[in-house]
Amino acid sequence: MDMAKYRQVFIEESTEHLAEMSSALLGLEKNLADGEAIDLIFRMAHSIKGMAASLEYDSVTQVSHGLEDRMQEVRREGCVADPEELALLFRGLDRLESMVDVIRSTGEMPPPDPALAAVLTNCLDEPPSESTSPELAATASAQDAAKKKAQTPIQ
Amino acid sequence: MARVLVADDASFMRQMIREIVESEGFEVCGEASDGVEAVDEFKRLQPDVVTMDIVMPRKSGIDAVRGIMALDPSACVVMCSALGQETLVTEAIQAGAKDFIVKPFKPDAVIETLKKVLEKED
């Protein structure tokens, strides 16, 4: 198989999926129980996971799998639990965007982020309680970045 | 030559399955990018076998299997699953799917599974 061809398809399709996820997350910000947005983010994460696994981009597979697991739990609950969980989802999106950027520019597998994958997957783990924690600072930053990106037309 | 309908919302996966099955001489007679389209295309094309993704928009792969079985109880559908979807695969088999293949796809395993289910149909 011509894996270079599939890498290009992966970059194009993932970029579209991530843009859709970004819009859906912004929708969830207004309504934490937006079922359509929840389903879409779940499907997009699942799709990116499948493509990344096919290309052996294990680091992307891990984070997208974590995001998929988290969204599976959100689907069960019927809503995103709270703004902290939403911020974590934004952080997952942000990391996937940066990983796809690395693949686009280098063709190589991006460095892994096992800590984020674990936080996303371990749905029962409590997020840090201090609003000034580095974890929340990172998620807030990711959220801001997604908002800015959502205001930029897709080329 | 067996005719295959490929149902998956990811173009990436549809292209990959197409390449795998065509390399073995199967004909991809159609593609569907969601569950509703999968049922419609099944009705229109009457393929010998359908490869069906589980997670799709508008109608899930499992509901699409139910729709296809309602049209043709002898239809041959193979689910495309990922690790961790064992429960959903079981549900799909109960709905009438004949077998499943696991992502990431291994070309030999895909071909072997398709041949197996098609032989059973003969």
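Procedures and definitions
- Residues numbered from 1 in each chain as written.
- Chains lettered and ligands numbered in written order.
- Predicted model: local features only at pLDDT ≥ 70, side-chain atom pairs only at ≥ 80, totals over all residues.
- Heavy atoms only, no water.
- Core = buried A, V, L, I, M, F, W, Y, C linked by side-chain atoms within 4.5 Å.
- Buried < 20%, exposed > 50% of the residue type's maximum accessible area, 1.4 Å probe, protein only.
- Contact = heavy atoms within 4.5 Å.
- Helix = DSSP H or I, 4+ residues; strand = E, 2+ residues; numbered from the N terminus.
- Expected span 1.5 Å × (residues − 1).
- Pairing = 2+ DSSP bridges.
- Right-handed = clockwise from strand over helix to strand, strands pointing away.
- Arc of directions from axis to C-beta.
- Polar contact = N/O pair within 3.5 Å; in protein donor to acceptor, adjacent residues only side chain to side chain.
- Buried area = accessible area lost by both parts, 1.4 Å probe.
- Salt bridge = Lys/Arg side-chain N within 4 Å of Asp/Glu carboxyl O.
- Nonpolar A, V, L, I, M, F, W, Y, C, P; charged D, E, K, R; others polar.

S.K.: How should I be thinking about the nonpolar core in this particular structure?
M.R.: The tendency in soluble globular proteins is for nonpolar side chains to be buried as a group. Grouped together as the largest cluster of nonpolar side chains are 87 residues, with contacts concentrated most on Phe10 and Val60 of chain A together with Phe12 and Met52 of chain B. Contact partners of Phe12 of chain B, with chain neighbours within four places excluded, come to Tyr6, Val9, Phe10, Glu13, Met51, Ser54 and Leu55 of chain A.

S.K.: Sorry if this is basic, but what is going on with helix H5 (residues 107-121) of chain B here?
M.R.: An α-helical turn contains 3.6 residues, so any two residues separated by three or four positions project in the same direction. Its 15 residues place the ends of H5 of chain B 21 Å apart at the C-alpha level, agreeing with the 21 Å of an ideal helix rising 1.5 Å per residue. Among the structural elements, helix H1 (11-23), strand S3 (49-53), strand S4 (77-82) and strand S5 (99-103) of chain B are those in contact with the buried residues of H5 of chain B.

S.K.: I keep staring at the pairing of S4 of chain B and nothing clicks. Help me out?
M.R.: Working note: regular strand, side chains alternate between the two faces of the sheet. Residues and elements named next belong to chain B. Along S4, 6 of the 6 residues are buried, which leaves the element largely enclosed by surrounding structure. Residues Val77, Met79 and Ser81 point to one face of S4 and Val78, Cys80 and Ala82 to the other, with burial holding for every one of them. Summarising the sheet, S3 and S4 pair through 4 bridges and their orientation is parallel. For Val50, the partnering residue across the bridge sits in S4 and is Val77. In this fold, S3 hands off to helix H3 (residues 61-71), which returns the chain to S4; that crossover is right-handed. Inspection of the sheet shows S4 paired to S5 by 5 bridges, in the parallel sense. By the bridge assignment for S5, Ala82 is matched with Lys103. Regarding the hand of the β-α-β motif, the stretch spanning S4, helix H4 (residues 86-95) and S5 is right-handed.

S.K.: So what exactly am I meant to see when it comes to helix H2 (residues 35-45) of chain B here?
M.R.: Residues and elements named next belong to chain B. Of all the residues in H2, the buried ones are Gly35, Ala38, Val39, Glu41, Phe42 and Leu45. For H2, the angular spread of buried residues about the axis comes to 170°, placing them on one side. Seen from the buried face of H2, the exposed residues on the opposite side, beyond 90 degrees, are Lys43 and Arg44. Looking at the buried side of H2, the elements it contacts are strand S1 (3-7), strand S2 (27-32), S3 and H3. Near the N-terminus of H2, the side chain that reaches the backbone nitrogen of Val36, with its oxygen 3.0 Å away, is that of Asp34. Backbone geometry just after H2 places Gln46 at a positive phi near 50°.

S.K.: Please explain the interface of chain A and chain B as it appears in this structure.
M.R.: The extent of an interface is frequently quoted as the accessible surface area lost upon association of the parts. Listed by partner, the interface residues are 18 residues for chain A and 19 residues for chain B. Taking both sides of the interface into account, the surface hidden between chain A and chain B amounts to around 1,500 Å²; carbon and sulfur atoms contribute 66%. It is Met1, Tyr6 and Arg43 of chain A that lose the most area in chain A upon contact with chain B, and together they represent 36% of the buried surface on that side. Along the contact surface separating chain A from chain B lie 1 salt bridge. Lys5 of chain A is the partner of Glu19 of chain B in a salt bridge, and the nearest nitrogen-oxygen pair spans 3.6 Å. Between the two partners, chain A and chain B, sit 4 residue pairs in polar contact (both at pLDDT 80 or more). Here the side of chain A that touches chain B is built from residues that sort into 9 nonpolar, 4 polar and 5 charged.

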